[in-house]
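# Breakdown of the fold
Take a look at the letters that make up each chain.
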Amino acid sequence: MALFRANPAAEIAKLRKKLAKAADPESPESLAMRHRIGILLVETGDWPAAEEHYTELADAQVRVAGDQHPGTLGAWLNLAMAKAALGQIEDAVHLMESTVDIYEAVSPDDPATMQAQLVLSEMYSVSGEYDEALDVLSRHLNACVDKFGEYHELTIAGARRKVSVLRTLGRYDEAGSLNSGLSRKPRDDYERDSARAVGLLIRAEGGEAKTVQYKVRELAEQYRTPEFIEVLAAVLLRAGEPAEAAELYRAVLSAQPAAQQWGPAAELARAYLESGQLDAAETLAGEIAAADGLPDGHPLKLGARATLARVARERGRDAEADRELAAVAAGLTEAFGPKHPDVVEVSGWLKKD
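What counts and how
Residues numbered from 1 in each chain as written. Predicted model: local features only at pLDDT ≥ 70, side-chain atom pairs only at ≥ 80, totals over all residues. Heavy atoms only, no water. Axes fitted to C-alpha atoms, helices over the stretch in contact; angles between N-to-C directions. Helix = DSSP H or I, 4+ residues; strand = E, 2+ residues; numbered from the N terminus. Parallel < 35°, antiparallel > 145°, perpendicular 65-115°, else oblique. Left-handed = near helix turned anticlockwise from the far one by under 90°. Contact = heavy atoms within 4.5 Å. Core = buried A, V, L, I, M, F, W, Y, C linked by side-chain atoms within 4.5 Å. Buried < 20%, exposed > 50% of the residue type's maximum accessible area, 1.4 Å probe, protein only. pLDDT = per-residue confidence, 0-100.

Before going further, it helps to examine the packing of helix 13 (residues 262-274) against helix 15 (residues 299-314). Orientation of helix 13 relative to helix 15, taken along the N-to-C sense of each, is 15 degrees, at an axis distance of 10 Å. Comparing the axis directions of helix 13 and helix 15 gives the class roughly parallel. Considering the relative orientation of helix 13 and helix 15, their crossing is left-handed. Across from Trp-262, Gly-263, Ala-266, Ala-269, Arg-270, Leu-273 and Glu-274 in helix 13, the residues of helix 15 making contact are Leu-300, Thr-307, Arg-310, Val-311 and Glu-314.

Following this line, the structure appears as structure tokens:
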């Protein structure tokens, strides 16, 4: 027997038809339908329509229920996500900050508040504001531990997010220490081994890639999920196996084609370069460097520019490569400080190349 699959476009059309017939577009029933339409627009990635829809819906929510109502806050949250997806990063961050401020003032222990804090931390990362991301994650984790305990799913989600930010900042000891706690009382084997895989990745990022690659491969072959495959790809790239890493990153990206996975895409561009696929590296790194979804000066954009510079080096354009690598090193130093591993690496390419 065939299974019926959801058709978001058909559901949106049906809901809009019902709304057109509604006597009051701001009745509770109408607002519920409008929220459902917004969710479907977000799920389908129709960000221009989502931005327009949530702008109107948020205004309606304020008129009907005020600026502290959960429906209003939810509309603002999704509006910020739409703005971020359209490249309006500064506006998105400001809207998200003000929304989370209201969440925390009205219901600091509510799960919706904690979820909003996680989204804000993601938004800060998109804008390259990693210290701010750590601040909101610290508030999030303290609230989660106080209300739910150390091993609740919301607490774990926040801890995993904080591990990711610490890794980005090159604070591997702190990341490893926090991550080790995630495997002490796992809800299942997958959660335990996911924390183990991230722990091995942290060691690889700290210079032990060749040592840990075999254990990471065992875990990836056991679970075969995008999460484990991405960890294996990252470790193999650092262990000097860029061709296989590129294959794995392609698989990760193809598993979720609707998502803007800038991090894996940047790693794939580097894997292309280091495996000799210069055209593919140049094309993908160029797309990331020009992406509206990331602000100029974001470390991922700077990493893509470094890849483009190294492609230029391989093609004999040494002066161009030197200028660009120097600019990238300066940008990363401003973002992370002079001792960050990425700064040291890029500076090393500049010196030895």
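What follows deals with the nonpolar core. For soluble globular proteins, nonpolar side chains are generally found buried alongside one another. Met-96, Met-123, Val-165, Leu-332 and Val-346 are the most contacted members of the largest nonpolar core, which has 62 residues in total. In this view, Val-346 contacts Leu-325, Val-328, Ala-329 and Leu-332; residues no more than four positions away in its chain are not counted. Formed by 43 residues, the second largest nonpolar core is a distinct cluster that contains Ala-197, Ala-204, Tyr-249 and Ala-291.

Let us now look at the packing of helix 11 (residues 226-238) against helix 12 (residues 242-255). Where helix 11 contacts helix 12, the two axes come as close as 8 Å, and the packing angle between them is 155 degrees. The angle between the axes of helix 11 and helix 12 places the two elements in the roughly antiparallel class. In the crossing of helix 11 with helix 12, the sense of the turn from one axis to the other is left-handed. Contacts between helix 11 and helix 12 involve Pro-226, Ile-229, Glu-230, Leu-232, Ala-233, Ala-234, Leu-236 and Leu-237 from the first element and Pro-242, Glu-244, Ala-245, Leu-248, Tyr-249, Val-252 and Ala-255 from the second.

Moving on to the confidence of the model for the protein chain. Looking at the protein chain, pLDDT values average 92 and 96% of them are 70 or higher. Highest mean pLDDT in the protein chain belongs to helix 15 (97); lowest belongs to helix 17 (residues 341-352) (88). Of the regions scoring below 50 in pLDDT, residues 1-5 engages in zero contacts with residues more than four places distant in sequence or in other chains.

As a further point, take unusual backbone geometry. One non-glycine residue, Arg-224, lies in the positive phi region at around 55 degrees. Structurally, the position occupied by Arg-224 is in the loop between helix 10 (189-223) and helix 11. Owing to a relative accessible area of 63%, Arg-224 belongs among the exposed residues under this scheme.

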